[in-house]
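Understanding the architecture of this molecule
Here is what each chain is made of, one letter per residue.
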Amino acid sequence: MSTNSRFNKLILDLSSGRDILHSLAFERLMNDLWSAKPLNPSRSVFLCNDLACIDVLIESIGRLTPALQNKIAWLLGALVDAESGTLELDKRRKIRAGIPEYLSIVENILRSDHSVGDAKEIHGFIFLLGHFPEDASLIGGRLSDYLGQDAYQATNLGLVFSLLEDHPVRSQFLLAYQGAMACNQVCDARTSVFKNVLACPECLGKLDYSADIICCQKCQSSYEWCSDTPNLIPKDCVDPEEYPESLVKIYGAETRPRFVRVMGQDWLSLITHDREQGYLNQFLRPVDGPILDLACGIGNSTQLLIDIFGRARVIAVDYSTAMIQHCERNIKGSTLARGSSSALPIANESLGAVNCSDALQALPDPQQAILEVARCMRPGASFTGFTFLEASWPYSYFQHRLHFAKRHLFTLDGIRGFLESSKLEIVDLMVIEQAIFFTAKKPLK
Ligand SMILES: C[S@@+](CC[C@H](N)C(=O)[O-])C[C@H]1O[C@@H](n2cnc3c(N)ncnc32)[C@H](O)[C@@H]1O
């Protein structure tokens, strides 16, 4: 395949499909251009051997969505930046010739509804434009018109240009800062989880996301997408799906607080948001790797994990389609998969930690779920969660009465037995009324 058609194909992949597919295609494009082994030890270089890729990038930029335009702008900026001094003049000239178009695109992005508040997808463009001080007055003039003088100054571009002559080091520092900010905006942290952690629930093979149907590279099983979420349920799974849309809608505001109160016999309101978060803060000790929120529901527990460990670190899995859809809406940009606790779509020993809040009682086979959790944990990883103990009669009647579906109620020894028979070491068991918070750890080898 000629370079030109290879790059055209990469751009085609970029412009079809869903968000995460865009991100995976962008990563392929970037890896095609960027050398991981720098020829010059202090800088990475681009493998931009001919003009074809630059032509294709510049020709296609006008046709893409704002988020993708910003990614391509960052890539062009990085191309000029990483090869500065060595980039052949005709390549730089080509990229520079696009400045009027970049400025029009920025204007459109700023006008469009896609970009409100701080989420404006223009950091890549600002980084790119900062490499052309000879066009400072054109760029400054147009950007001040769209953004207003103050907002233009806040982009640091004016400063980058004005410092270039007398304080080149400061100017370069600011440009690198802008490049890093744009890099953080355009590179989707979810891609490495999709590639390295999510796996075929049938055979744990690697999944191929390059087409609209996800395909296992080992056993050829195929899986569909549900919006931006892969639907990774094994074919013979018989888990019941218990949460219809009508219940999910009222889950956060009504069902969860009442459910926890009744099941935990928590009439003194001891199990608060702060208590849940405090427990995670104290006991969830991740080793390297992502943190799984198993049976995430609409994302209450997922949000607690994100607040402590950051969005990039957390993956959420649930069986209910309706729950997943609400979670996707509640926690934008998070990594979600539909999966079953009985056959997790997660590679062996890939997780830094697992949490399972208010859910063990709802899983069809809690012991099997804990065995699966233990399989996916890295040595040293911790597993936290809370569930409920069966109260004595007559209160237990209402714990059972509450169920609109089959639920498990546990004993302290039962929970201990599940963890120990999954070869996890118990770190903490804390009982509050009828709720039990637990922490276990996978031993180091
Ligand atoms: C009570 S909700 C808990 C949600 C959340 N962790 C929280 O703290 O609010 C229990 C969740 O377990 C999920 N669930 C039930 N069976 C499952 C299974 N086999 N695999 C994964 N999740 C399952 C349900 O869909 C539901 O979202």
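Residues numbered from 1 in each chain as written. Predicted model: local features only at pLDDT ≥ 70, side-chain atom pairs only at ≥ 80, totals over all residues. Heavy atoms only, no water.

Another point: the sheet that holds strand β3 (residues 207-208). Through backbone hydrogen bonds, the strands of a sheet pair up, either in parallel or in antiparallel fashion. The strand order β3-β4-β5 describes an open sheet built from three strands, whose pairing is antiparallel. The strands lining the two open edges of the sheet, one partner per strand, are β3 and β5 (222-223). Inspection of the sheet shows β3 paired to strand β4 (residues 214-216) by two bridges, in the antiparallel sense. Counted as the bridge partner of Asp 208 is Cys 215 from β4. (Pairing = 2+ DSSP bridges. Helix = DSSP H or I, 4+ residues; strand = E, 2+ residues; numbered from the N terminus.)

What follows is about the domain arrangement of the protein chain. Split into domains, the protein chain comes out as domain 1 (3-188) and domain 2 (237-441). One C-alpha centre belongs to domain 1, the other to domain 2; they are set 42 Å apart. (Domains from an automatic or database assignment.)

Moving on to the nonpolar core. Judged by nonpolar contacts, the single largest core of 51 residues is most densely connected at Leu 29 and Ile 95. Among the elements that make up this core, the one with the highest residue count is helix α4 (residues 66-82) (nine residues). Residues in contact with Leu 29, not counting those within four places in the same chain, are Phe 7, Leu 10, Ile 11, Leu 14, Leu 57, Ile 72 and Leu 75. (Core = buried A, V, L, I, M, F, W, Y, C linked by side-chain atoms within 4.5 Å. Buried < 20%, exposed > 50% of the residue type's maximum accessible area, 1.4 Å probe, protein only. Contact = heavy atoms within 4.5 Å.)

Let's shift gears to the packing of helix α3 (residues 52-61) against helix α5 (residues 89-97). Relative to each other, α3 and α5 sit at 0°, their axes nearing to 10 Å. When the interaxial angle is binned, α3 and α5 end up roughly parallel. Along the contact surface, α3 presents Ile 54, Asp 55 and Ile 58, while α5 presents Lys 91, Lys 94 and Ile 95. Among the residues forming the contact of α3 with α5, the class breakdown is three nonpolar, no polar and three charged. (Axes fitted to C-alpha atoms, helices over the stretch in contact; angles between N-to-C directions. Parallel < 35°, antiparallel > 145°, perpendicular 65-115°, else oblique. Nonpolar A, V, L, I, M, F, W, Y, C, P; charged D, E, K, R; others polar.)

Among the surface-exposed residues, Trp 393, Tyr 397 and Phe 398 lie close enough to one another that they form a single nonpolar patch of about 430 Å² accessible area. Structurally, the position occupied by Phe 398 is in helix α19 (residues 395-401). Using a relative accessible area of 47% as the deciding quantity, one classes Phe 398 as partly exposed. (Patch = residues over 30% accessible without salt bridge, like charges linked within 9 Å, V, L, I, M, F, W, Y side chains within 5 Å. Areas by Shrake-Rupley, 256 points an atom, 1.4 Å probe, with all protein chains shown as cover. Salt bridge = Lys/Arg side-chain N within 4 Å of Asp/Glu carboxyl O.)

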